[in-house]
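Tertiary structure, described
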Amino acid sequence: MTAAVVRWLVAVVGSAAAFAVVAVPWAVLVEGGDDPWDVIGPVAGVAAAGTLAALGWWASQATGGPGVRRVRRVRRVRQSARGGGRIRQTGGSAGTSGSTGSGSTGSSGPTDIRQRARSNGSGDIDQVGGDRG
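Residues numbered from 1 in each chain as written. Predicted model: local features only at pLDDT ≥ 70, side-chain atom pairs only at ≥ 80, totals over all residues. Heavy atoms only, no water.

1. Here's the deal with the overall build of the protein
On a plain count of helices and strands, the protein comes out with two helices and four strands. Secondary structure elements of the protein, listed N to C terminal, follow the sequence α-α-β-β-β-β. When burial is assessed residue by residue, the protein has 22% of its 133 residues classed as buried. Sequence separation of at least 24 residues holds for 63% of the intrachain contacts in the protein that already meet a minimum separation of 6. Of the roughly 9,000 Å² of accessible surface on the protein, a fraction of 56% belongs to carbon and sulfur atoms. (Helix = DSSP H or I, 4+ residues; strand = E, 2+ residues; numbered from the N terminus. Buried < 20%, exposed > 50% of the residue type's maximum accessible area, 1.4 Å probe, protein only. Contact = heavy atoms within 4.5 Å. Areas by Shrake-Rupley, 256 points an atom, 1.4 Å probe, with all protein chains shown as cover.)

2. A few points about the packing of helix H1 (residues 3–29) against helix H2 (residues 37–60)
Between H1 and H2, whose axes approach to 8 Å, the crossing angle comes to 155°. With respect to each other, H1 and H2 are oriented roughly antiparallel. Crossing of H1 against H2: the hand is right-handed. Within the contact of H1 with H2, the residues separate by chemical class into 21 nonpolar, seven polar and one charged. (Axes fitted to C-alpha atoms, helices over the stretch in contact; angles between N-to-C directions. Parallel < 35°, antiparallel > 145°, perpendicular 65-115°, else oblique. Left-handed = near helix turned anticlockwise from the far one by under 90°. Nonpolar A, V, L, I, M, F, W, Y, C, P; charged D, E, K, R; others polar.)

3. Considerations on the side chain of Ser 15
With respect to the helices, strands and loops of the structure, Ser 15 is situated in helix H1. Assessed through its relative accessible area of 11%, Ser 15 is described here as buried. Other than its neighbours up to four places away in sequence, Ser 15 contacts Ala 48, Thr 51 and Leu 52.

4. Some thoughts on H1
In a regular helix each residue adds 1.5 Å, so 27 residues correspond to 39 Å; H1 covers 39 Å between its end C-alpha atoms and thus fits that length. Residues Ala 4, Ala 11, Gly 14, Ser 15, Ala 18 and Ala 23 constitute the buried set of H1. At its buried positions, H1 is contacted by H2. (Expected span 1.5 Å × (residues − 1).)

5. Comments concerning the environment of Val 30
Along the chain, Val 30 turns up in the loop between H1 and H2. Through-space distance from the C-alpha of Val 30 to that of Ile 40 is 9.7 Å; in sequence the pair is ten residues apart.

6. Observations regarding H2
Helix length check: H2 (24 residues) gives 32 Å between terminal C-alpha atoms against 34 Å at 1.5 Å per residue, within 8%. Taken together, the buried positions of H2 are occupied by Ile 40, Gly 41, Ala 44, Ala 48, Gly 56 and Ala 59.

7. Some words on the confidence of the model for the protein
Per-residue confidence for the protein gives a mean pLDDT of 76; residues scoring 70 or more make up 69%. Note that residues 96–104 has pLDDT below 50 and, in this model, 22 contacts with residues that lie over four places away or in other chains. (pLDDT = per-residue confidence, 0-100.)

8. Some remarks on a nonpolar patch on the surface
The grouping of Val 6, Val 10, Trp 57 and Trp 58 at the surface amounts to a nonpolar patch, some 390 Å² of accessible area in total. Those elements that provide at least two residues to the nonpolar patch are H1 and H2. Take Val 10: it is sitting in helix H1. (Patch = residues over 30% accessible without salt bridge, like charges linked within 9 Å, V, L, I, M, F, W, Y side chains within 5 Å. Salt bridge = Lys/Arg side-chain N within 4 Å of Asp/Glu carboxyl O.)

9. Observations concerning the environment of Val 6
On the secondary structure map, Val 6 appears in helix H1. With relative accessibility at 38%, the residue Val 6 sits in the partly exposed group. In the structure, Val 6 is positioned 53 residues away from Ala 59 in sequence and 8.3 Å away in space, judged by C-alpha atoms.

Okay, here's the thing in structure tokens:
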């Protein structure tokens, strides 16, 4: 079994255990009443749901197994240029050959690219953003 599967099993078993930890002692100690489960069940269910939420978040942080998505950080590329000649900016994973781009960092996560160029009217501006590599 992969680490992700084990973590999710721990989350589900932990949730059931939280239900039992709240419900069983309460049901044993409560005297009278025709059906104390009208109160015990919802309260123990809230405890189990909270436990499942916490352990589910922990289980979702597992990495490496098939079908498990890793949380990727957004790679930010900011470029600004000003000049009287030719301005060429390349952002993303297009590489750096012949340009002033960020190059490829090996990250396949999302990229947030913002480019700004200003020319005094005597040159060309060529801007490229995104993954072209």
